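Residue-level structure breakdown
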Amino acid sequence: MEQKIHQGRNVKRFREMLGIKQEALAFDLGNDWNQKKISMLEQKDVIENDILDQISNALKIPVEAFQNFDEEQAVNVIANTFNNNDSAIGFVINNYNPIEKIIQLHEEKIALYERMLKEKDEMMVRLEKLIGK
């Protein structure tokens, strides 16, 4: 029997993983939304595509994540990976140049810093809108 993906529950899981409250998501979605409406949305098995698109943009998570994530499958994969009695004895070969790794980490740090600055600017715009109301 095929198990159905609960899209509302997935929205709630991803929202909570990001540390975003229902009120904040409602604010990001616009004037038509409030905390109660988000709560009701998170109880729905299937969410309309246009609403999923809005949520995807607000949370910066692909729509497919809400449509395809199945927690039970993920738990089963993890349980089967760690609970089997196979002995995983082996060795690791490091085939990377440490200088290249440092450069890569530095570039990732710059990209993260730029993304944080952009998010700060977006938050400032949101706060200015909120103060202006």
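No experiment lies behind these values; they were computed from the predicted model shown. (Residues numbered from 1 in each chain as written. Predicted model: local features only at pLDDT ≥ 70, side-chain atom pairs only at ≥ 80, totals over all residues. Heavy atoms only, no water.)

This part is about helix 1 (residues 7–17). One full turn of an α-helix is made of 3.6 residues, so residues set three or four places apart face in the same direction. All buried positions along helix 1 are accounted for by Q7, G8, N10, V11, R13, F14 and R15. Residue G19 follows helix 1 closely and has a positive phi angle near 75°. (Buried < 20%, exposed > 50% of the residue type's maximum accessible area, 1.4 Å probe, protein only. Helix = DSSP H or I, 4+ residues; strand = E, 2+ residues; numbered from the N terminus.)

This part covers the pattern of salt bridges. Counted by the stated rule, this structure contains 6 salt bridges. Between D28 and R126 there is a salt bridge; the shortest N-O distance is 3.4 Å. Residue D28 is found in helix 2 (residues 22–29), and its partner R126 is found in helix 7 (residues 98–132); the two are separated by 98 residues along the sequence. Under the relative-accessibility criterion, D28 is labelled partly exposed at 29%. Classification of R126 by relative accessible area gives partly exposed; the value is 26%. The closest approach of N and O atoms between E48 and K44, which form a salt bridge, is 3.0 Å. For K44, a relative accessible area of 30% gives the class partly exposed. Connected through shared salt-bridge partners, R15, E16 and E42 make up one network. (Salt bridge = Lys/Arg side-chain N within 4 Å of Asp/Glu carboxyl O.)

Moving on to unusual backbone geometry. In this structure, K60 is a non-glycine residue whose phi angle is positive, near 60°. Mapping K60 onto the fold places it in the loop between helix 4 (49–59) and helix 5 (63–68).

The next subject is the confidence of the model for the chain. Of the residues in the chain, 78% reach a pLDDT of 70 or more, and the chain-wide mean stands at 84. The secondary-structure element of the chain with the lowest mean pLDDT is helix 6 (residues 71–83), recorded at 61, while helix 3 (residues 35–41) shows the highest, at 96. (pLDDT = per-residue confidence, 0-100.)

Below, the discussion takes up the side chain of H6. Mapped onto the secondary structure, H6 falls in the segment before helix 1. In contact with H6, not counting residues within four places along its chain, are E42, Q43, K44 and D45. (Contact = heavy atoms within 4.5 Å.)

Right, let's get into a nonpolar patch on the surface. A cluster of nonpolar residues, F27, M123, M124, L127, L130 and I131, forms a patch on the protein surface that exposes about 570 Å² of accessible area. With 5 residues, the top contributor of residues to the nonpolar patch is helix 7. One can find F27 in helix 2. (Patch = residues over 30% accessible without salt bridge, like charges linked within 9 Å, V, L, I, M, F, W, Y side chains within 5 Å. Areas by Shrake-Rupley, 256 points an atom, 1.4 Å probe, with all protein chains shown as cover.)

This brings us to the layout of surface pockets. Its boundaries defined by the atoms lining it, the largest pocket holds a volume of some 370 Å³. The wall of the largest pocket is formed by 14 residues, among which I20, D28, A58, M123 and R126 lie closest to the centre. For the lining of the largest pocket, the secondary-structure elements that each account for two or more residues are helix 2, helix 4 and helix 7. Ranked by the residues each element gives to the lining of the largest pocket, the list is headed by helix 7, at 6 residues. Here the residues of the lining of the largest pocket sort into 9 nonpolar, no polar and 5 charged. (1 Å grid on protein atoms, 1.4 Å probe; cavity = no way out; pocket = protein on both sides within 12 Å on 5 of 7 lines; lining within 4 Å. Points joined across faces, edges and corners; volume = space filled by probe spheres on them. Nonpolar A, V, L, I, M, F, W, Y, C, P; charged D, E, K, R; others polar.)

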